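# Architecture and fold: a report
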Amino acid sequence: MHIVVVGHVDHGKSTVIGRLLYDTDSLPQGAVDKVKRIARETGKPFEYAYLLDAFEEEQKQGITIDTTQIQFATKKREYVIIDAPGHKEFLKNMISGAANANAALLIVDAKQGVQEQSKRHGYMLSLLGIEKVYVVVNKMDLVDYSEEVFHKVADDMKAFLEPLGVKPLRYLPVSGYQGDNIAARSANMPWYDGPVLLDSLDLLEASKEIVDKDLRLPIQDVFKFDDRRIIAGRIEAGKLAVGDEIAIYPSGRRTVIKEIAYWQERDKKEHAYAGESTGIIVRDEFFNQRGEIITTPAATAPHVSNRLRASIFWMGRNPLRKGSTYKLKLATQEVEAEVADIVKTIDAANLDSREGAKELRLNDVAEVILSLKEAIAFDVFQEHQATGRFVLVDGYDVAGGGIVVAAEKADEGAGFAFVNGDIRARGDVFDEFYYDVESYNVTKVAAAVKQPYHVGDEIPRKGISYEYPADFDILILRDQVAVTVRQGRIEDILPLAGYEYSGRPLVNGRGFGIKVYKAKELREMLSVYRELASSHVEPRVKAAFFNRYFFLNQYRRLQFYFDYVI
């Protein structure tokens with residue numbers, strides 16, 4: 001069981017854990033002596049917190065910067081304790097540490113009482129859906145083990161947590177430094193008759209129900225071995241067996257599991273369960289790809305839409321603004337997401353909400369509507385946590401995390417650059433690309449003119465970072481669609497299978513020139529692409545394909561910009 005420990009800075013999280021490990025003889029041999037030596041060398045008193053703060057910088061400053069994970073075991077089971085940082089500057093680290101926890105200890109200083117970060121971390125626990133929570137009222141020795149003080153702190157915390165839907169299983173009075181109620185009952189608090197911290201952990205029930213939920217298997221990759229195509233991924237909920245009929249979303253295609261892949265005969269099995277990474281071989285040779293979600297036809301299907309409502313927590317260096325685009329990563333899916341609306345912002349310290357905000361800054365919480373470049377499969381977080389939470393990536397940085405609150409009605413035209421009846425294709429061909437001189441990243445900015453484009457529409461042939469001829473053809477390989485442009489207008493949008501090479505310049509869906517000058521060369525390129533797309537290939541193989549058939553410097557160019565706005 002993974003237990004995350006959170007709370008306001010200096011409320012004693014690391015001390016509580018250090019004392020717990022010390023009292024249960026769970027520390028490596030020599031660890032205590034090493035910490036005592038460091039304390040002597042730095043002229044500081046011995047602190048149990050130093051047993052966890054492994055980084056030299058943390059020991060110098062007396063704070064936890066990164067999440068520290070340490071294992072120990074009781075007679076009942078094994079534990080992974082995650083010590084998360086309490087400083088406001090390290091909330092991203094705290095959320096990373098808490099994301100995969102089964103339960104939480106929320107530490108509150110009995111003398112200082114409930115503070116801003118106590119509330120903020122309580123809100124984060126609700127946002128991450130952690131339901132098994134103990135509130136540990138620490139440093140009881142500093143308030144003379146007062147029962148009145150303990151109940152005051154517990155009541156204050158309860159008043160804040162209950163509206164969030166966080167209902168702690170127990171409030172425990174302890175002193176991490178003195179060891180009261182950590183591993184043994186304290187004689188200093190005879191008024192408390194509940195279990196001590198160690199026993200309380202053993203009382204937590206493991207989450208067994210996840211195996212009984214509807215199947216959720218996000219596809220991580222598809223590997224090709226000989227004549228077998230193995231669909232690989234981690235089962236996030238439910239179970240599967242050879243012979244089961246499955247449905248694959250967003251498309252909803254159905255097939256049957258023919259075999260569970262194995263390396264050696266002794267590993268062969270007929271079933272796989274939640275928490276296991278597995279590979280399956282199916283009866284029908286569909287084109288499957290990373291990001292799709294496998295379930296069963298009898299199960300409640302995941303939502304499929306290109307719009308969703310979410311609660312997010314912003315951790316980005318730059319503000320989140322309405323209209324900005326980010327990469328959304330949900331389970332194994334990655335898709336471009338635009339902030340269509342900031343519904344309301346929420347003060348995590350007091351839960352006051354405010355409508356009409358135009359942007360979010362560091363540590364802000366909000367409810368937003370996200371419009372996706374393409375429809376994806378997902379769940380509401382309360383139904384399936386693993387397929388209902390996501391992160392937003394700005395450049396190369398994880399800038400925000402959130403959970404899906406509801407699916408919004410799909411915008412049939414949103415996310416597509418070109419639409420002709422039932423034919424739809426994505427494309428970045430008219431988006432701007434620039435080099436950010438502060439972050440040293442190549443960044444894309446969505447086109448100022450809203451898409452999609454239809455037959456007969458005039459296109460923006462010239463932008464800041466691109467310029468196309470009056471006559472050219474766009475081949476969108478991932479959607480198997482061709483777009484013909486004549487005299488700056490879209491002449492046709494048609495399936496790639498029905499396209500005939502015209503001899504005019506070719507670009508792909510991102511505006512890169514295509515090094516094809518004959519119909520035969522085009523057939524060869526499409527054949528190679530189909531082979532690459534139908535199975536797992538290494539990045540270097542994909543790079544070799546792009547180097548062979550694409551070039552950047554004719555229709556595209558990079559501009560240098562800072563805080564660029566179209």
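Residues numbered from 1 in each chain as written. Predicted model: local features only at pLDDT ≥ 70, side-chain atom pairs only at ≥ 80, totals over all residues. Heavy atoms only, no water.

Right, let's get into the pattern of salt bridges. Counted according to the given criterion, the structure contains 23 salt bridges. With a shortest N-O distance of 3.8 Å, R489 and E458 are connected by a salt bridge. Linking R489 in strand β30 (residues 489-495) with E458 in the loop between β27 (441-445) and β28 (472-476), this pair joins segments that are 31 residues apart in sequence. On the basis of relative accessibility, which here comes to 42%, the residue R489 falls in the partly exposed class. It is possible to trace a salt-bridge network through shared partners that takes in R309, E367 and E408. (Salt bridge = Lys/Arg side-chain N within 4 Å of Asp/Glu carboxyl O. Helix = DSSP H or I, 4+ residues; strand = E, 2+ residues; numbered from the N terminus. Buried < 20%, exposed > 50% of the residue type's maximum accessible area, 1.4 Å probe, protein only.)

This part covers the packing of aromatic side chains. For any pair of aromatic rings, geometry is given as the distance between the ring centres together with the angle between the planes. The final tally for this structure, using the stated rule, is 16 aromatic pairs. Here the aromatic rings of Y466 and Y468 are separated by 5.2 Å at their centres, their planes lie at 25°, and the arrangement is stacked. Both residues of the pair, Y466 and Y468, belong to the buried class. Pairing F545 with F550 gives two aromatic rings, centres 5.8 Å apart and planes at 70°, and the pair type is edge-to-face. Each member of the pair, F545 as well as F550, carries the same accessibility label: buried. Aromatic rings pair up to connect F418, F430, Y453, Y466, Y468, F472, F551 and Y555 into one cluster. (Phe/Tyr/Trp six-rings, centres within 6.5 Å; stacked < 30°, edge-to-face > 60°.)

It is worth spelling out the sheet that holds strand β7 (residues 217-225) at this point. Taken in spatial order, the six strands of this closed barrel run β7-β8-β13-β11-β10-β14, and their pairing is antiparallel. Neighbouring strand axes in the sheet, compared pairwise and without regard to direction, differ in orientation by 50° on average. As paired strands, strand β10 (residues 245-249) and strand β14 (residues 293-295) are joined by three bridges and run antiparallel to one another. Each bridged residue has a counterpart across the sheet, and for A247 the counterpart in β14 is T295. (Pairing = 2+ DSSP bridges. Axes fitted to C-alpha atoms, helices over the stretch in contact; angles between N-to-C directions.)

On to helix α1 (residues 13-23). Counted residue by residue, α1 has nine buried out of eleven residues, so it is predominantly covered. K13, S14, T15, V16, I17, G18, R19, L20 and L21 are the residues of α1 that are buried.

Moving on, we get to unusual backbone geometry. In most cases, non-glycine residues show a negative phi, while peptide bonds are predominantly trans. With an omega of 25°, the peptide bond between Y249 and P250 qualifies as cis. Residue position: P250 is located in the loop between β10 and β11 (253-260). The residue K139 is not glycine, and still its phi comes out positive at about 60°. With respect to the helices, strands and loops of the structure, K139 is situated in the loop between β5 (132-138) and α6 (147-161). Its identity is not glycine, yet A331 carries a phi of approximately 55°, on the positive side. You can see A331 is positioned in the loop between β17 (325-330) and β18 (333-346).

What follows is about the side chain of R426. Relative to the elements of secondary structure, R426 occurs in the loop between β25 (423-425) and β26 (432-436). By relative accessible area, which is 10% here, R426 ends up buried. At 2.6 Å, the side chain of R426 forms a polar contact with the side chain of D479. (Polar contact = N/O pair within 3.5 Å; in protein donor to acceptor, adjacent residues only side chain to side chain.)

What follows covers the side chain of D379. Within the secondary structure, D379 sits in the loop between β21 (365-378) and β22 (389-394). For D379, a relative accessible area of 1% corresponds to the buried category. Within the structure, D379 has its side chain in polar contact with the side chain of R216 (distance 2.7 Å). D379 has contacts with R216, P302, H303, H384, T387, G388 and V404, leaving out every residue within four places of it along the chain. (Contact = heavy atoms within 4.5 Å.)

So, on to the nonpolar core. Counting 35 residues, the largest nonpolar core has I130, V135, M140, M157 and L161 as the members making the most contacts within it. Among the elements of the structure, β1 (2-7), β3 (78-83), β4 (103-109), α5 (116-128), β5 and α6 are those that each provide at least two residues to this core. Of the residues forming this core, the biggest block, six residues, is contributed by α6. Setting aside its immediate chain neighbours within four residues, L161 contacts L106, G122, V135, V166, P168 and Y171. (Core = buried A, V, L, I, M, F, W, Y, C linked by side-chain atoms within 4.5 Å.)

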